[in-house]
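# Residue-level structural notes
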Amino acid sequence: MVSRVIPVDDFDLVIFGATGDLARRKILPGLYRRFVAGQMPETAQIIGAARSELDDDGFRAETARAIEEFAGNGGPDSARLEAFLDRLSYVPIDAKGTAGWDDLKARLREGVVRAFYFSVAPSLFGDLAEHLAAYEIAGPDSRVVVEKPFGRDLETARALNATLARHFAESQIYRIDHYLGKETVQNLMAVRFANILFEPLWNAQYVDHVQITVAETVGIGGRGGYYDQSGAMRDMVQNHMMQLLCLIAMEPPYHFDPDAVRDEKLKVMRALEPVGADDIVRGQYQAEGETQSYLEDAGNPESRTESFVAMKVHIANWRWPGTPFYLRTGKRLRARTSEIVVTFRAPPHSIFDDGEAPTPNQLVIRLQPNEGMVMTVMIKEPGPGGMRLVQVPLDMSFADALGPEGTDMPDAYERLIMDVIRGNQTLFMRGDEVEAAWAWTDQIITTWEEGRSAPEPYDAGSSGPEEALRLMHRDNRRWREIRA
């Protein structure tokens, strides 16, 4: 199977914070991969902008080192890398002052797409937006990309949205959540809405419960200062996991159109019921062997910030009455995996004489690693001696089903940056989505802060606190085992 590469219009892309970690690890290597794939126009221009006093050659040298380290596929081709680097230039710039802005304006061309990537702290968003407007660099057709965190609560999210809205229309703002750029996340919509097989069953009558797990083996590492002010709820649940929940639970949009899709996601967020104290578990990893504890990693021996969250969520609408959604995410867990498990109800009556009800069917959607899907079904166990049932998987990994294209999929940032150039906002969050997510999340965080309860300890390398297991067991359910 040959994948299609669709070129984009000619563009000038300015990356503010171009010498930062995100630009080195994701943005610049992703742009190089799109260039190699033939998706970038010959005259496209990429301009780095940051405080560092570099010239064009210095920025190109740093970019070359980043691509060699992070672009994958056995390292870059020297000729293609040189051709890509020729498209790059650099402007030292003062986000809060006047230095560099006239130089940046002089480098931009007329008549092409202008996109500005704010790969900087949210505290600088307002300054950058004001300077782009004051120097008449960004016009009504320009696009601006902003990274999370989109605030740390509803109040700050509203303030951030208001800051951006003073200079840009909502149609110009691309709030990037890289989870939405993952191939398997987008396949959630394809599985649901391109197959008549699932839609009649996708409701409370046939679905017993849904599990969403995002497990990481790493700790908070060098992010201790940021993470200890955020925790798993703000860092993962409010954005990544909320988006996965919406894609699983939403109604079919009338069309695969940016606002149509985001309208349906917003309805899910507004239908989320408050989560009671008994339906949520917070955890914090302890030292295990040579692995440090969360408190040591954070450098804060009194911290009550959670590195793990598990919760049971209900959606108050006609499709999902009585069907719980279980969310679980954490650091320093047994394996790195992200998956969604849709567990269907057991048949209402068993015709077989073995005394056991058939095991319910499950649809497992693996987001990472080994992206793919597994559908479990009951069959007769081979051999004589009666009708003995056994559960078997119908396993489809992208690598097996799609050949080389199944393993060499574009990174999420590659896809999302190209969508910015195309002007397609389908996979980006809208301002009212962000605020609705915070409105629900804030209620939970406020309850914690008022109660001052400490997170449950769990061993690094485990599946999380014992209380998270009991959260499921009391409903006569169990988590799918965390495994790579």
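For the structure, see preceding data.
Residues numbered from 1 in each chain as written. Predicted model: local features only at pLDDT ≥ 70, side-chain atom pairs only at ≥ 80, totals over all residues. Heavy atoms only, no water.

### Examining a nonpolar patch on the surface
Residues I351, F352 and M387 make up a contiguous nonpolar surface patch of about 290 Å² in total accessible area. Residue classification places F352 among the partly exposed residues on the basis of a relative accessible area of 30%. (Patch = residues over 30% accessible without salt bridge, like charges linked within 9 Å, V, L, I, M, F, W, Y side chains within 5 Å. Areas by Shrake-Rupley, 256 points an atom, 1.4 Å probe, with all protein chains shown as cover. Salt bridge = Lys/Arg side-chain N within 4 Å of Asp/Glu carboxyl O. Buried < 20%, exposed > 50% of the residue type's maximum accessible area, 1.4 Å probe, protein only.)

### Some thoughts on the sheet that holds strand β3 (residues 88–92)
The strand order across the open sheet formed by 6 strands is β3-β2-β1-β4-β5-β6, and the pairing between neighbours is parallel. What marks the edges here is a single partner per strand, and that holds for β3 and β6 (173–176). Recorded for the sheet is a direction-independent mean angle of 20° between the axes of neighbouring strands. The pairing of strand β1 (residues 11–16) with strand β4 (residues 113–118) spans 6 bridges and is parallel. Bridge pairing in β4 links L13 to A115. The strands touched by helix α2 (residues 56–70) within the sheet are β2 (45–50) and β3, with β3 carrying the most contacts at an inclination of about 120°. (Pairing = 2+ DSSP bridges. Helix = DSSP H or I, 4+ residues; strand = E, 2+ residues; numbered from the N terminus. Axes fitted to C-alpha atoms, helices over the stretch in contact; angles between N-to-C directions. Contact = heavy atoms within 4.5 Å.)

### With respect to unusual backbone geometry
The phi torsion of most residues other than glycine is negative, and most of the peptide bonds are trans. The omega torsion across K148 and P149 is 10°, close enough to zero to call that bond cis. Its location among the elements puts P149 in the loop between β5 (143–147) and α6 (154–165). Between Q368 and P369 the backbone carries a cis peptide bond, its omega angle lying at -15°. Inspection of the secondary structure puts P369 in the loop between β12 (362–368) and β13 (372–380). Its identity is not glycine, yet N370 carries a phi of approximately 50°, on the positive side.

Limitation: the analysis is restricted to geometry and does not speak to function.
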